[in-house]
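Spelled out from the first residue to the last, the chains are:
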Amino acid sequence: MCTATTYKTKDFYFGRTLDYDFSYGESVVITPRSFLIPLRYSEAIKSHYAIIGMATVIDGFPLYFEGINDKGLGVAGLNFVHNAHYNHEKSSSKTNIAQFEFIPYILSKAKNVEEAIELIDNLNIMDTPFSSKLPCAELHYLIADSNRAITVEFVKDGTRIYENPVGVLTNNPPFDKQLFNLNNYRRLTHKDIPNTFGEVELEQYSRGMGAMGLPGDLSSQSRFVRVAFVKLNSLSKDDEKSSVSQFFHILNSVDQQRGCCEVKEGEFEITLYTSCYNTNRGIMYYTTYDNHQISSVDMHHENLDSDELVVYQLVRDEKINYQN
Ligand SMILES: C[C@H](CCC(=O)NCCS(=O)(=O)O)[C@H]1CC[C@H]2[C@@H]3CC[C@@H]4C[C@H](O)CC[C@]4(C)[C@H]3C[C@H](O)[C@]12C
C-alpha cells in the first residue's frame, strides 16, 4: 500500500510513502533537460523539463515511482491492483505510451495540471512491460501543482480524471468511492465535542475525543480517511523546516510498521521510504524505514542542462545523535 499527499504553506509540498515487502532498488534520480528519454512508440524526447524523483534506473531508463519537475508539477504512481487497465492495441489517432513511460512523459512535458490533462486526453496507454522481468505495474496517479490536484485512473471503460479536492491518494477502491467514503467521517473534529446523551453526565476523560472513530488500521480506505483528516487539520509555520517537518508528520500517521501486515507467510509490508518535495524549489527530502534522519537532494545543485542522469543512493542506515 502507499499513500500520497500534498501540503501547502508558503511553498507547495508533494510526496508519498512507498509501502511494500521488498525494494525495487530505488534511488534519487535527477533527469536533466537534455537527457534523451527514449519512447517505445514515438521518437525520443530530446529536450524537456528537468525531473527529480524516486526511481529505479534499468538499462539507462529512469523508471519513476514519483517525482516533480522544475516547473512545480508532481506525479505519483500508487498501486491500483485489478482495476488499472492498459491497452494492447496501438491507436492511430492518439499518442501511444507504454505504462512505465507515463510519469517521465508527463513530467517532461507538462508544467501544470491543465497541461497534464491535455496530454492525458491524447494518450493511449499500452500494456507493454518494461522487460520480461518487470511486468506492468497496476497504478493510478496523484497529479498536482500548487493550485490543483487530480487523480488519474486508466480503467476498462477508459481514462478517468477526477478533481481531487483533498490532495490525497491511497490504493483501492477507485477514487470516487474513496472520496464518497469521507462522508461517513464528516463529524470528526479537532475540537472538543459536546455530550449528546441529555441528562446523563458524561466525562470528557481525554483530549482528542473529537476524532474518535478515525480509522487506525492499515487498509487503503482507512489510510485515506486518516491522512485526509490529519492533512486537512494540519497547522505549521510556513518556513521550510517547519513545513517539511509537518509534512513528514502527516505521512507518518499512515506509517506501516514491520509485523502488522503480512502479505505472504513470514513476509511483511513496511513503509520502505517516505518522500517530500518542495515543488517550488525543486528539493526532495526523504526518510527510509531504518533512517529517520531526513536526507535531502536539491535538483538546482546539479547541472540541469546536462544529458546524463544524476543518481543518489538512498542513505538507509539509522543516524542516531549520541549525546554522551
Ligand atoms: C510496488 C509499488 C507500489 C507499492 C504499493 O502500492 N504496494 C501496495 C500493495 S497492494 O497492492 O496495495 O496490496 C509500485 C509503485 C511504482 C511502481 C514502479 C513504477 C515504475 C516501473 C513500472 C513498470 O511497469 C514495473 C516496474 C516499476 C519500477 C514499478 C514497480 C512497482 O510496481 C512500483 C514501485
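Look a little higher up for the structure.
Computed from a prediction, not measured in an experiment: that's the story for all the values here.

## Focus: the sheet that holds strand S12 (residues 168-169)
Phase 1: Here 6 strands make up an open sheet; going across it, the order is S12-S1-S2-S15-S16-S17 and the pairing antiparallel. Whereas interior strands pair on both sides, the edge strands pair on one side only; in this sheet they are S12 and strand S17 (295-298).
Phase 2: With 4 bridges connecting them, strand S16 (residues 283-288) and S17 associate as antiparallel partners. For Met 284, the partnering residue across the bridge sits in S17 and is Val 297.

## Quick notes on helix H5 (residues 240-252)
Phase 1: Over its 13 residues, H5 extends 18 Å from the first C-alpha to the last, a length consistent with the 18 Å expected when each residue adds 1.5 Å.
Phase 2: Among all positions of H5, only Glu 240, Ser 242, Ser 243, Val 244, Gln 246, Phe 247, Phe 248, Ile 250 and Leu 251 are buried.
Phase 3: Those residues of H5 that are buried are in contact with strand S1 (2-8), strand S2 (12-20), helix H4 (220-233), strand S15 (270-278) and S16.

## Side note on a nonpolar patch on the surface
Phase 1: Together, Phe 197, Val 200 and Leu 202 make up an exposed nonpolar region whose accessible area comes to about 310 Å².
Phase 2: Position of Val 200 among the secondary structure elements: in the loop between helix H3 (175-181) and H4.

## Details of the nonpolar core
Phase 1: Counting residues in each nonpolar core, the largest one holds 47 residues, and the members touching the most others are Val 28, Ile 52 and Met 54.
Phase 2: The residues touching Met 54, leaving out its near neighbours within four places in the chain, are Glu 26, Ser 27, Val 28, Leu 63, Tyr 64, Phe 65, Glu 66, Tyr 273, Tyr 277, Met 284, Tyr 286 and Leu 314.
Phase 3: Core analysis: the second largest hydrophobic core is formed by 39 residues, Ile 37, Ile 45, Leu 139 and Phe 154 among them.

## Re helix H1 (residues 102-109)
Phase 1: Summarising burial for H1: 7 of the 8 residues are buried, a large majority.
Phase 2: When H1 is considered as a whole, its buried residues turn out to be Phe 102, Ile 103, Pro 104, Tyr 105, Ile 106, Leu 107 and Ser 108.

## A word on the sheet that holds strand S18 (residues 310-312)
Phase 1: A sheet is described by the order of its strands in space; here 8 strands give the open sequence S11-S10-S9-S6-S5-S4-S3-S18, paired in antiparallel fashion. Each edge of the open sheet carries a strand with a single partner, namely strand S11 (158-163) and S18. Each strand axis lies, on average, 30 degrees off the axis of its neighbour in the sheet, ignoring direction.
Phase 2: Note: strand S10 (residues 149-155) against S11, 6 bridges, orientation antiparallel. By the bridge assignment, Thr 151 is partnered in S11 with Tyr 162.
Phase 3: Most of the contacts of H1 go to strand S5 (residues 61-69), to which it runs at about 45 degrees, and overall it touches strand S4 (51-58), S5, strand S6 (74-79), strand S9 (139-144) and S10.

## Focus on the pairing of S5
Phase 1: Burial runs high along S5: 9 of the 9 residues are buried.
Phase 2: As paired elements, S4 and S5 share 8 bridges and run antiparallel to each other. Counterpart to Ile 51 in the pairing with S5 is Asn 69.
Phase 3: Taking the residues that link successive antiparallel strands as the turn, the S4-S5 hairpin has 2 residues, and the phi of Asp 59 there is positive, at about 50 degrees.
Phase 4: Between the antiparallel neighbours S5 and S6 lie 4 residues, among them Gly 72 with a positive phi of about 100 degrees.

Quick notes on the rules
- Residue positions within a chain follow its written sequence, with the count starting from 1.
- Where local features are concerned, this predicted model is filtered to residues with pLDDT of at least 70; where side-chain atom pairs are given and counted, the filter is 80 or more; whole-chain, interface and lining totals use all residues.
- Hydrogens are left out, water is left out, and the side-chain values use all remaining heavy atoms of the structure.
- The pairing criterion is simple: DSSP has to find at least two bridges between the two strands.
- Strands here are runs of E lasting at least two residues and helices are runs of H or I lasting at least four, both read from the DSSP assignment and numbered beginning at the N terminus.
- One fewer than the residue count of a helix, multiplied by 1.5 Å, yields its expected span.
- Each residue gets one of three labels from its accessible area relative to the maximum for its type: buried under 20%, exposed over 50%, partly exposed in between, using a 1.4 Å probe on protein chains only.
- Contacts: residue pairs with any heavy atoms within 4.5 Å of one another.
- For patches, a residue must show more than 30% relative accessible area and have no salt bridge; joins then use 9 Å for like charges and 5 Å for nonpolar side chains, namely Val, Leu, Ile, Met, Phe, Trp and Tyr.
- Shrake-Rupley sampling with a 1.4 Å probe provides the accessible areas, and residues are treated as covered by the protein chains on show and by no other component.
- The salt bridge criterion pairs a side-chain nitrogen of Lys or Arg with a carboxyl oxygen of Asp or Glu, the two atoms within 4 Å.
- Take the buried residues of types Ala, Val, Leu, Ile, Met, Phe, Trp, Tyr and Cys, join any two whose side-chain atoms come within 4.5 Å, and each joined set is a nonpolar core.
- Axes here refer to lines fitted to C-alpha atoms; in helices the fit is confined to the stretch in contact. Angles between the N-to-C directions go from 0 to 180 degrees.

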